[in-house]
Each structure stands twice: as structure tokens, then as C-alpha cells.
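Summary of the model geometry
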Amino acid sequence: MSVPATYQEAVDFETLRESGRELVAVDGVPIAVFYHEDEVRAVNNRCPHMGFPLTEGTVDEGILTCEWHHARFELSCGDTFDPWADDVETYPTEVENGTVYVDPNPQRDEPPRERWMGRLEDGLERNLRLVVAKAAVGLGKADVPIADQIRTGVEFGTTYREGGWSSGLTILTALGNVADDLDARDRQRAMYQGLTEVAGDCADEPPKFDEDEFDTREVSFERLQSWFRNCVEVRDADGAERSLRTAVACGYDDAELAEIVASAATDHRYLSTGHVFDHFNKTTEALDTIGWEHADDVLASLVDGLVNAQRSEELSSWRQPDDLAGMCEDTFDRLDGLVAEGEGKEWEKPDDFTERLHADEPEPVFEALEEAIREGATVEELARAVTFAAGKRVAQFSTNNEFNDWNTVHHTFTYANAVHQMAKRTAPVELYRGVVDAAVNVYLDRFLNTPPAPYPSENPDADRDDAIEELRRCFETEGEVNRAGKMAAHFLDAGGDPARLKSVLGNALLVEDTGFHTFQALEAGFQQFDDREDPAERRLLMVAVARYLAAHYPTRREREQTFSIATRLHRGEKVHEE
């Protein structure tokens, strides 16, 4: 019998039979050839788990065991006994005239997309960080769209976490939103980071059991909205979920479905320090990415968090020394009249509007908001202005405060951004309440700018390359918060390309063991930057992002080490070498 042309000479058969194993290189591929139980078998010599040489492992009863981490493989097909290890590649062999031949490039049954999507699901199910990292790199190399990877994560996260939508899915969606601002390798990092967070959120959690929609389709939008709001009001999760699923089944579009949730999400003040509304906004952005045909399960995943949310009007900070919640209700009682008075008018934001929102007493804040609505400010316009005021709190956050107070200004900024983004999708009158909540929190955060951190002076003569490299160095040393903001500002002052600055900030985010809030801060800053044309406003927002990131770096970078191992394994590098 003649050996097929794709096979290449590998090793002398007698030599192999005597030694039991030989390491050969065929077409540059390191192949471990075994003689076991009167059969010749060939596998890739690099253990798929961590790259150790399999020729140094043991073979017994058809099982090849790696010497290092004891990953086990069925020798004839390469399938692993241990899901954390991945399958090892096998190669067809032929023996002719005393020579072993190996096909180093066989046709694989499973295309790369299917293989790595399957491995991603394994990594999510078992919360295996290295497996998720390998899958993210493999999917990136196979040019699998980020939307497909996000879809897998969203489907998993909304199915296997009883508590529903949480930080992991928010992070994954946020990273998908900024993917275009990242370079190719950082997109792989982004998917790895986001999908790992989803897996961690679902680990050891019971799955979600769904409520069914009502059978009727003969129910008005107004009634469904009323049912949903009333169920949320009395913390009835089952009734709320059935009402919301029925609205989806009735075929209402994204703006209408968002209006139903937005009304309930603003019936009470600043739910769970803003996380509930931010999660809500992220579900809609995720659906924009993966398709609104998934709205049923994705929106239903919000219900538990919405029903069980902390309502800020129950907190002393919203009642004492000023009854801020009561002042909100007074404004809401006047809201319909204010909107009617502003109908047909075009609002021009006053030059001092941010300063009025930064007042030391609450009355000027409410006066500024009501005046804006009376002068025709739309929900989107007012939310945009309030979000900038919140961003300025971050840009001038005083490092004399306790470190955890970064979370306070961060929550206000990301909540305001979520309301702003939602207002682009749907703008019922009720959404003004979310804008007012954000403005109240801007007021409550006033002490965190006392004294305000120095804002960088303009430096159009700065060297762009020096500024960007100095910014990178700021992330390598603790305490370089103000300098980081200064370098980001000076880079823009000197005409630096915002795309380059975003890429650097994104890379800085993704190589660290970044926490939930830091992911949110970068994405919200980028969204607000892209929503504006005023160079001064854009500059301030990048200062805010750079300062926030610098305050939280450097970290141990354990996740980056895992990603690096996955990347090197894909490249065929020797991971464990001095």
C-alpha cells in the first residue's frame, strides 16, 4: 500500500517500538509518536492545558497523562478526561517499509468557530478562566464577530443565574460597546475579561426558572405598563415578570418595552445606588448587539434586581438635613405642567448650568432643573447636561477623601450616563425623574470636591508622544491620579488623536485585574466623549477617566497572566521556559 502524499516520514518503526515514544518535528509541528498496545498513535507534543511536553507523560490502558498537571487524554482520538485541559490534536499514521509516516495537517472535522464556541461554553459552565481565555483568543483568530461571543455570554448569564442580570453581563456589554476603540488583541482581552466575569457571576448559583407570559394578547400597552409598575411597587417578582414577558409577546418595539421598565425604574429614587438603572440600560444595549428577538429572557432577567432594589427615599441621606426625596416629589407633581409650558421651545443650556448643579444648597439645583424643563429642555438634553456635571465631580475628585468615596462619584456619573443613553431610545415624561435623581446625587457628592482637585491647565505645546508614554507610566505607580489626568489633557491639548488616547486607556483597563466600577467608568466616559463636540467638555471627560483608572492601578494582573498563557499557547510558544 502506498502512503498518501500528505503523509511525511516521521520515525523508524523499530526505534519507536523499542522506546515506546519519540518526539519528531513534521512540517514544524512538534509531534509525540507512541507505540502502545501494538498500535502507533501520534498527538501534538504540547499539552493543550499549559503546553508541557507530552512525551514526558505516562501511557497506560490507552490513557496518556501529562506529567505536570495530570491532564488525561484518550490516546487514539485525543479527547480529554478533564474538561479544564482541552482535547489534544491527533494525527493519522501509517507504517510502511519499517517507517512511520504522519499526516501533520489532517482535515479537522470541527471548524475553528465551532470548536472555540464549544470551549467557551465549557469555560462558562465550569468557571474555567484559562479555558475562557483560550476560547476568546481562538474566536478572535477565527474572526468570529464579537456580537456572537456576547450573545453566547448573555444567553448563559440570563439562564444560569437565579438573581438575573448583574455585574458580569453589564461588564460584557460595556466592553462590547467600546470594542471599536480597542486594537485587535485588546478586543480578545475584552471578551476574555467580560466572559470571565459572566462565568464568575453564575458560578455556584442556581439557574433561573422562568415565568410564562399570559395567554392573552388582547391587552393594551397602558394596562401592561400599569400591571408591571404595580407588581414592582409591591415587590411581586412573579407578576412583574409575567407582565413584562406578555408585553414582549405582544410585539411592542424596543422603545415601548424600554418605556415600561423605565417608568417602574424611576417610581422610586436612585435604586440601589444607580445599579438597577445602569443594568436596565445595558440590557437594551446588549439587545441592540445580539438582536431584540432575545428580549423575552434578557428583559425578564432585570425583574429580581428591580423588585428587590434599595429605594433611596428610605435612606437618611435623602431625608436629612434636607428632605431631598420630598423636594423631588414636589417637582414631580409639577412635571406635567412644566413640560406643557416648555412645549415648542428650544432650550439653550445656560453657561452657568453646571455651576448651578454644583450649588452648596439643594434649592438652586431644583430651580435650575425646573427652569430648564419650562424652557423646553428634552429628557435627553437635560440628562446630557446633568451627566457632564457628574463627570466633573470625578474629574475634580479630591484624593484627600477616603478611597471608597471614588465609588460615590462613580455611581452618580454612570447612573446619569445610563439615563442619558436611555433617553435616546425612549423619553416618556417619567424619565425626567431619573434626571432629577442624578442631579440630586450630584448635589450630595459636593463634599467630595472640597477642595476640588486641581484641573490641568492647557498646554498646546506638549509633546504628544511624551504625554502618552507618561500616562502609561502613571498606571504603573500608585498615587499618580492627578498626573494621569494632566497627561491625558495635555495629549489632547497638543492635538493628539482621541482614538489613540482611547486605545491606551482601554489597554490599561484590560491588562489589570479590573473591578466592576472601573469597567463602567471607562465605558461611560467614552460614551459621553463620543456624544459631544465641545473640545473643553471632551477634555474634562478624558481627565475624569484617566484619573479614575489611575486611582485603581496597578493591580496583581493575575488575569493578564492567564490571557498571556492562552495567547502564547495559540502561537505555539513554549510557555514554561527560562
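Residues numbered from 1 in each chain as written. Predicted model: local features only at pLDDT ≥ 70, side-chain atom pairs only at ≥ 80, totals over all residues. Heavy atoms only, no water.

**What about the sheet that holds strand β2 (residues 21-26)?**
Taken together, the three strands give an open sheet; going across it, the order is β2-β3-β4, and neighbouring strands pair in antiparallel fashion. The sheet is open, and its two borders are formed by β2 and β4 (39-44), each paired with just one other strand. Ignoring strand direction, the axes of neighbouring strands in this sheet form an average angle of 30 degrees. Judged from the six bridges that link them, strand β3 (residues 29-36) and β4 form a sheet pairing that is antiparallel. Paired with histidine 36 across the bridge in β4 is glutamate 39. (Pairing = 2+ DSSP bridges. Helix = DSSP H or I, 4+ residues; strand = E, 2+ residues; numbered from the N terminus. Axes fitted to C-alpha atoms, helices over the stretch in contact; angles between N-to-C directions.)

**Here we look at the side chain of glutamine 528**
With respect to the helices and strands, glutamine 528 occurs in helix α23 (residues 516-530). Given the relative accessible area of 0%, glutamine 528 is considered buried. A polar side-chain atom of glutamine 528 sits 2.6 Å from a polar atom in the side chain of arginine 532. In this structure, glutamine 528 is in contact with Thr387, Phe413, Asn417, His420, Gln421 and Leu541, ignoring residues within four places of it in sequence. (Buried < 20%, exposed > 50% of the residue type's maximum accessible area, 1.4 Å probe, protein only. Polar contact = N/O pair within 3.5 Å; in protein donor to acceptor, adjacent residues only side chain to side chain. Contact = heavy atoms within 4.5 Å.)

**Describing the packing of helix α6 (residues 184-202) against helix α25 (residues 558-571)**
To describe two helices that pack against each other, one gives the angle between their axes and the distance between the axes. Close contact between α6 and α25 brings their axes to 11 Å; oriented N to C, the two are set at 125 degrees. Of the possible angle classes, the one that applies to α6 and α25 is oblique. Handedness of the α6/α25 crossing: right-handed. Here α6 contributes Arg185, Gln188, Arg189, Tyr192, Gln193 and Glu197 to the contact with α25, which in turn contributes Arg559, Glu560, Thr562, Phe563, Thr567 and Arg571. (Parallel < 35°, antiparallel > 145°, perpendicular 65-115°, else oblique. Left-handed = near helix turned anticlockwise from the far one by under 90°.)

**A few points about the packing of helix α16 (residues 362-374) against helix α19 (residues 431-444)**
Contact geometry for α16 and α19: axes closest at 10 Å, N-to-C directions at 150 degrees. When the axis of α16 is compared with that of α19, the two are roughly antiparallel. For the element pair α16 and α19, the recorded crossing hand is right-handed. In this structure, α16 contributes Pro362, Val365, Phe366, Leu369 and Ile373 to the contact, and α19 contributes Tyr432, Val436, Ala439, Val440 and Tyr443.

**A closer look at the packing of aromatic side chains**
The full count for this structure, using the stated rule, is 14 aromatic pairs. Both rings, one in tryptophan 406 and one in tyrosine 548, keep their centres 5.6 Å apart while their planes meet at 90 degrees; by these two values the pair is edge-to-face. One end of the pair, tryptophan 406, is in helix α18 (residues 405-423); the other, tyrosine 548, is in helix α24 (residues 535-551), and 142 residues separate them in sequence. Chaining the aromatic ring pairs together yields one cluster made of Tyr270, Phe277, Phe280, Trp318 and Tyr415. Sitting above the plane of the tyrosine 443 ring, arginine 446 keeps its charged end 4.0 Å from the centroid. (Phe/Tyr/Trp six-rings, centres within 6.5 Å; stacked < 30°, edge-to-face > 60°. Lys NZ or Arg CZ within 6 Å of the ring centre and 35° of its normal.)

**Comments concerning the pairing of β3**
In terms of burial, β3 is largely enclosed, as seven of its eight residues are buried. Here β2 pairs with β3 via six bridges, running antiparallel. Paired with arginine 21 across the strands is phenylalanine 34, a residue of β3. The loop that links β2 with its antiparallel partner β3 comprises two residues; one of these, aspartate 27, has a positive phi angle of about 55 degrees. Between β3 and β4, which follow one another and run antiparallel, lie two residues, and glutamate 37 among them has a positive phi close to 55 degrees.

**Some remarks on the pattern of salt bridges**
For side chains of opposite charge, pairing can occur when their charged atoms come near one another. Summed over all chains, the structure comprises 49 salt bridges. Notably, a salt bridge pairs glutamate 197 with arginine 559, separated by 2.8 Å at the nearest N-O pair. Taken together, the residues span a long stretch of sequence, with glutamate 197 in helix α6 and arginine 559 in helix α25 at a distance of 362 residues. Among the residues examined, arginine 559 registers a relative accessible area of 8% and is labelled buried. (Salt bridge = Lys/Arg side-chain N within 4 Å of Asp/Glu carboxyl O.)

**Thoughts on the nonpolar core**
Formed by 167 residues in total, the largest nonpolar core has its most connected members in Phe228, Phe277, Leu382, Leu471, Phe475, Leu501 and Leu505. Top element by residues in this core is α24. It accounts for eleven residues. Excluding anything up to four places from it in sequence, leucine 471 contacts Ala484, Met487, Leu501, Val504, Leu505 and Ala546. Core analysis: the next-biggest nonpolar cluster, separate from the first, contains 15 residues, Val24, Val26, Ile31 and Val102 among them. (Core = buried A, V, L, I, M, F, W, Y, C linked by side-chain atoms within 4.5 Å.)

**Details of helix α3 (residues 129-141)**
Taking 1.5 Å as the rise per residue, α3 with 13 residues should run 18 Å; its terminal C-alpha atoms sit 18 Å apart, in good agreement. Of all 13 residues making up α3, ten are buried, and the element is well covered by its neighbours. If you check which residues of α3 are buried, you get Leu130, Val131, Val132, Ala133, Lys134, Ala135, Ala136, Val137, Gly138 and Leu139. Buried-residue contacts for α3 involve α2 (112-126), α4 (146-159), α6 and α25. A positive phi of about 60 degrees marks aspartate 143, the residue just after α3. (Expected span 1.5 Å × (residues − 1).)

**A few points about a negative patch on the surface**
Taken together, Glu37, Asp38, Glu39, Asp60 and Glu61 make up a surface patch of like negative charges. As for its placement among the helices and strands, glutamate 39 is situated in strand β4. When its relative accessible area of 39% is taken as the criterion, glutamate 39 is described as partly exposed. (Patch = residues over 30% accessible without salt bridge, like charges linked within 9 Å, V, L, I, M, F, W, Y side chains within 5 Å. Areas by Shrake-Rupley, 256 points an atom, 1.4 Å probe, with all protein chains shown as cover. Lys, Arg positive; Asp, Glu negative; His and termini not counted. Charge placed at Lys NZ, Arg CZ, Asp CG, Glu CD.)

**Regarding the sheet that holds strand β6 (residues 63-65)**
With respect to topology, three strands assemble into an open sheet ordered β5-β6-β7, the strand pairing being antiparallel. Each edge of the sheet is formed by a strand with only one pairing partner; in this case those strands are β5 (58-60) and β7 (72-74). In this sheet, neighbouring strand axes are inclined to one another by 25 degrees on average, regardless of whether the strands run parallel or antiparallel. Summarising the sheet, β5 and β6 pair through three bridges and their orientation is antiparallel. Across the sheet, the residue bridging to valine 59 is leucine 64, located in β6.

**Examining the environment of valine 26**
With respect to the helices and strands, the residue valine 26 is situated in strand β2. Of the residues examined, valine 26 reaches a relative accessible area of 2% and is grouped as buried. Here the alpha-carbon distance between valine 26 and cysteine 77, two residues 51 residues apart in the chain, equals 19 Å. Contacts of valine 26, omitting those with residues within four sequence positions, involve Gln8, Ala10, Ile31, Val102 and Pro104.

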